[in-house]
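Here is what each chain is made of, one letter per residue.
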Amino acid sequence: MSKHYDVIVVGAGIFGSCTAYHCQRLGLRTLLLEQFNLGHSNGSSHGKSRIIRYAHTEPEYVPLVGDSYTQIEELEEKRGEKLWNKLGLLWAATGNQVQSISGHLTKHNIEHEVIPGTKITERYPQFKFDEKWTGLIDPMGGVIYANKWLSAFQDEFKSLGGTIHENEPVISHAENDNTSVNVTTKNGHYTTKKIIFTVGCWITKFFPNVNFEIKPISLAVCYWNAKEESDKHLLDEKHFPVVIAKNLEKKEYYFALPDTDYPGAIKLVLDDGDALSGDLSHPEKNNQDFVDRPGNFISEHIPVVDGTKPYKVDQCKYTNSPDHHYLIGPVSSKTPNVLVGGCGSGSGFKTAPGIGRALAEMAAGKQTTVDVSFFSPSRFEK
Ligand SMILES: Cc1cc2nc3c(=O)[nH]c(=O)nc-3n(C[C@H](O)[C@H](O)[C@H](O)COP(=O)(O)OP(=O)(O)OC[C@H]3O[C@@H](n4cnc5c(N)ncnc54)[C@H](O)[C@@H]3O)c2cc1C
């Protein structure tokens, strides 16, 4: 006999964990299904660190980040656990990008500072930029303790009475009529009023016929040591900011974090990677170019760090929509009971609590707290 839920959330990465928590919090009887074990490292949400920042190239992201800050503050207080560390963000870019971001932040009354590239070294002695660059300092930038967020949202979901089944892949779903959806998994059958797919790169398996093409990639997540033992402290959370660096002429975008994952080694990664294979697995080894380019960036701009050889290279899956913005809402206007939350690419961890709240509110038929219409999948409908 099939079991009935108000909502089934598919995928227990950070999007699904936040979404399930908010559904249950709104009083919806919720089942969260994960194909692997909880906390696995085969998707996009593993590891110890991510960046949180107000600064974004599009203003629509700012209120979502604001909602995440509010939720994390509440959770920290409730759980007595530190979930992030406010270090400040340095956004360095060539061209006029910094001025445009500064405009969005000003519109939302977010405190920040703009400084010439040549003055960045005075603020952060680890870095060296010339007059082609401009810096933006977002004091609310910081490190997210990613693995702690993931387990915090899952724990809170369970303590509200939510159910999680790990190692239970969803195989198929079919809408019965306008009121329910049949769901088949490896272990059985369920019915639900709403189904929310938060399946990361696996979105390509469930919706092959939508009007948008998604090509997930594998990123080489590189970690780098200090050149000198005496400079090691400059890479820790007390000294190293979170960093976004965009060389717009070279079309290169890097992000960097202090040594949160591996003591003594910063994380610095190029925002580009290799195509995943047909079964969505990583290549055995990423193209050397995705290691060499971050190394060259380090040699040019972070002289205290050794860019000649990474300390370690991990892998992480990246899923982008065609316009590089999230998907939040019904997958199409014809399927109001089938929602998606995805395409977080390199920025979705920080906004996942806000996205989760919005998806749960949609599932409950409520107005969303944050306006997420900019991210509606309907933008791709013809
Ligand atoms: C290298 C790297 C650096 C990043 N840096 C930042 C950063 O600094 N700041 C930031 O905010 N964001 C960052 N991100 C982005 C962020 O990590 C992702 O946007 C986010 O983790 C996406 O989470 P998700 O839940 O959508 O996907 P996933 O974490 O991949 O979760 C999807 C889940 O769905 C499950 N699933 C799939 N199919 C099924 C099925 N059939 N049945 C059941 N379960 C299924 C999968 O097993 C998986 O657990 C970064 C990402 C990468 C890769």
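Residues numbered from 1 in each chain as written. Predicted model: local features only at pLDDT ≥ 70, side-chain atom pairs only at ≥ 80, totals over all residues.

## Quick word on the packing of helix α1 (residues 14-25) against helix α8 (residues 348-363)
No. 1: Contact geometry for α1 and α8: axes closest at 7 Å, N-to-C directions at 40°. If you check the angle between α1 and α8, you find them oblique. Note on packing geometry: the crossing formed by α1 with α8 is right-handed. Side by side, α1 and α8 meet where Ile 14, Phe 15, Cys 18, Thr 19, Tyr 21, His 22 and Cys 23 of the first sit next to Gly 348, Phe 349, Ala 352, Pro 353, Ile 355, Gly 356, Arg 357, Leu 359, Ala 360 and Ala 363 of the second.
No. 2: Looking at the contact of α1 with α8 residue by residue, the classes come out as twelve nonpolar, four polar and one charged. (Axes fitted to C-alpha atoms, helices over the stretch in contact; angles between N-to-C directions. Helix = DSSP H or I, 4+ residues; strand = E, 2+ residues; numbered from the N terminus. Parallel < 35°, antiparallel > 145°, perpendicular 65-115°, else oblique. Left-handed = near helix turned anticlockwise from the far one by under 90°. Contact = placed C-beta atoms within 7 Å. Nonpolar A, V, L, I, M, F, W, Y, C, P; charged D, E, K, R; others polar.)

## Digging into the nonpolar core
No. 1: One finds Ile 8, Trp 91, Ile 266, Ile 355 and Leu 359 to be the most contacted residues of the largest nonpolar core, which totals 105 residues.
No. 2: Among the elements that make up this core, the one with the highest residue count is α8 (eight residues).
No. 3: When we break this core down by domain, the ones giving at least three residues each are domain 1 (3-45 + 147-214 + 322-380) and domain 2 (89-139 + 217-318).
No. 4: For Trp 91, the contacting residues outside a window of four places in its chain are Ala 55, Val 98, Ile 101, Gly 135, Leu 136, Asp 138 and Ile 244. (Core = buried A, V, L, I, M, F, W, Y, C linked by C-beta atoms within 7 Å. Buried ≥ 20, exposed ≤ 12 C-beta atoms within 10 Å, placed from the backbone. Domains from an automatic or database assignment.)

## Brief notes about the pairing of strand β2 (residues 30-33)
No. 1: Burial of the side chains of β2 extends over both faces: Thr 30 and Leu 32 are buried on one face and Leu 31 and Leu 33 on the other.
No. 2: As defined by bridge partners, strand β1 (residues 3-10) adjoins β2 across four bridges and the pair is classed as parallel. Paired with Val 10 across the strands is Leu 33, a residue of β2.
No. 3: Between the parallel elements β1 and β2, the chain passes through α1 in a crossover that is right-handed.
No. 4: Bridge count for β2 against strand β9 (residues 163-165) is three bridges, and the pairing is parallel. Residue pairing for β9: Leu 31 is matched across the bridge by Thr 163. (Pairing = 2+ DSSP bridges. Right-handed = clockwise from strand over helix to strand, strands pointing away.)

## Details of helix α2 (residues 61-79)
No. 1: With 19 residues, α2 extends 27 Å between its outermost C-alpha atoms, agreeing within 8% with the 27 Å of an ideal straight helix rising 1.5 Å per residue.
No. 2: Within the span of α2, buried status applies to Tyr 61, Leu 64, Val 65, Ser 68 and Gln 71. Each buried residue of α2 sits inside an arc of 125° when the element is viewed along its axis, so together they form one side. Opposite the buried face of α2, at more than 90 degrees from it, the exposed residues are Glu 73, Glu 74 and Glu 77.
No. 3: Following α2 by one or two positions, Gly 80 adopts a phi angle in the positive range, close to 60°. (Expected span 1.5 Å × (residues − 1). Arc of directions from axis to C-beta.)

## Details of the site of the ligand
No. 1: The full set close to the ligand counts 37 residues, and Gly 11, Gly 13, Gly 43, Gly 200 and Gly 344 are the nearest of them.
No. 2: Elements represented by at least two residues in the shell around the ligand include exactly α1, β3 (49-52), β13 (217-225), β18 (312-318) and α8.
No. 3: Of the residues that constitute the shell around the ligand, the class distribution is 18 nonpolar, 15 polar and four charged.
No. 4: Residues from two domains meet in the shell around the ligand; each of domain 1 (3-45 + 147-214 + 322-380) and domain 2 (89-139 + 217-318) gives at least three. (Near = placed C-beta within 6 Å.)

## Thoughts on the sheet that holds strand β4 (residues 84-86)
No. 1: Strand order across the open sheet formed by three strands is β3-β8-β4, with antiparallel pairing between neighbours. Both outer strands of the open sheet, β3 and β4, are each paired with one neighbouring strand and no more. The mean inter-strand angle of the sheet, taken between neighbouring strand axes irrespective of direction, is 25°.
No. 2: Relative to strand β8 (residues 142-145), β3 runs antiparallel, the two sharing four bridges.

## Some points on the pairing of strand β10 (residues 170-175)
No. 1: Bridge count for β10 against strand β11 (residues 181-185) is five bridges, and the pairing is antiparallel. What sits directly across from Val 170, in β11, is Thr 185.
No. 2: In sequence, β10 turns back onto β11 through a hairpin of five residues.

## Notes on the environment of Pro 263
No. 1: Mapping Pro 263 onto the fold places it in the loop between β15 (252-262) and β16 (265-270).
No. 2: Sequence spacing of Pro 263 and Gln 24 is 239 residues, and the spatial spacing of their C-alpha atoms is 37 Å.

## Focus: the UniProt feature "domain: FAD dependent oxidoreductase" (unreviewed entry) in the protein
No. 1: Mapped onto this numbering, the UniProt entry gives "domain: FAD dependent oxidoreductase" (unreviewed entry) at residues 6-362.
No. 2: Split by type, residues 6-362 is 26% helix and 31% strand. Its first and last C-alpha atoms lie 12 Å apart. (UniProt positions renumbered as here; feature names shortened; annotations may be inferred.)

## Digging into the domain arrangement of the protein
No. 1: Split into domains, the protein comes out as domain 1 (3-45 + 147-214 + 322-380) and domain 2 (89-139 + 217-318).
No. 2: Measuring from the centre of the C-alpha atoms in domain 1 to the corresponding centre in domain 2 gives 30 Å.
No. 3: Across the contact, seven residues belong to domain 1 and seven residues belong to domain 2.
No. 4: When the residues that make up the side of domain 1 that touches domain 2 are grouped by side-chain class, the tally is two nonpolar, five polar and no charged.

## Concerning helix α7 (residues 289-301)
No. 1: Here α7 contains 13 residues, and its C-alpha end-to-end distance of 18 Å stays within 8% of the 18 Å for a straight helix at 1.5 Å per residue.
No. 2: Here α7 has its buried residues at Phe 290, Pro 294, Gly 295, Phe 297, Ile 298 and His 301. For α7, the angular spread of the buried residues around the axis is 160°, confining them to a single face.
No. 3: The inward-facing, buried residues of α7 contact β13, β15 and β16.

## A look at unusual backbone geometry
No. 1: Unusually for a residue other than glycine, Asn 109 sits at a positive phi of about 55°.
No. 2: Looking at where Asn 109 falls in the secondary structure, it is placed in the loop between α3 (97-107) and β6 (113-116).
No. 3: The exposure class of Asn 109 is exposed, given the 7 C-beta atoms found within 10 Å.

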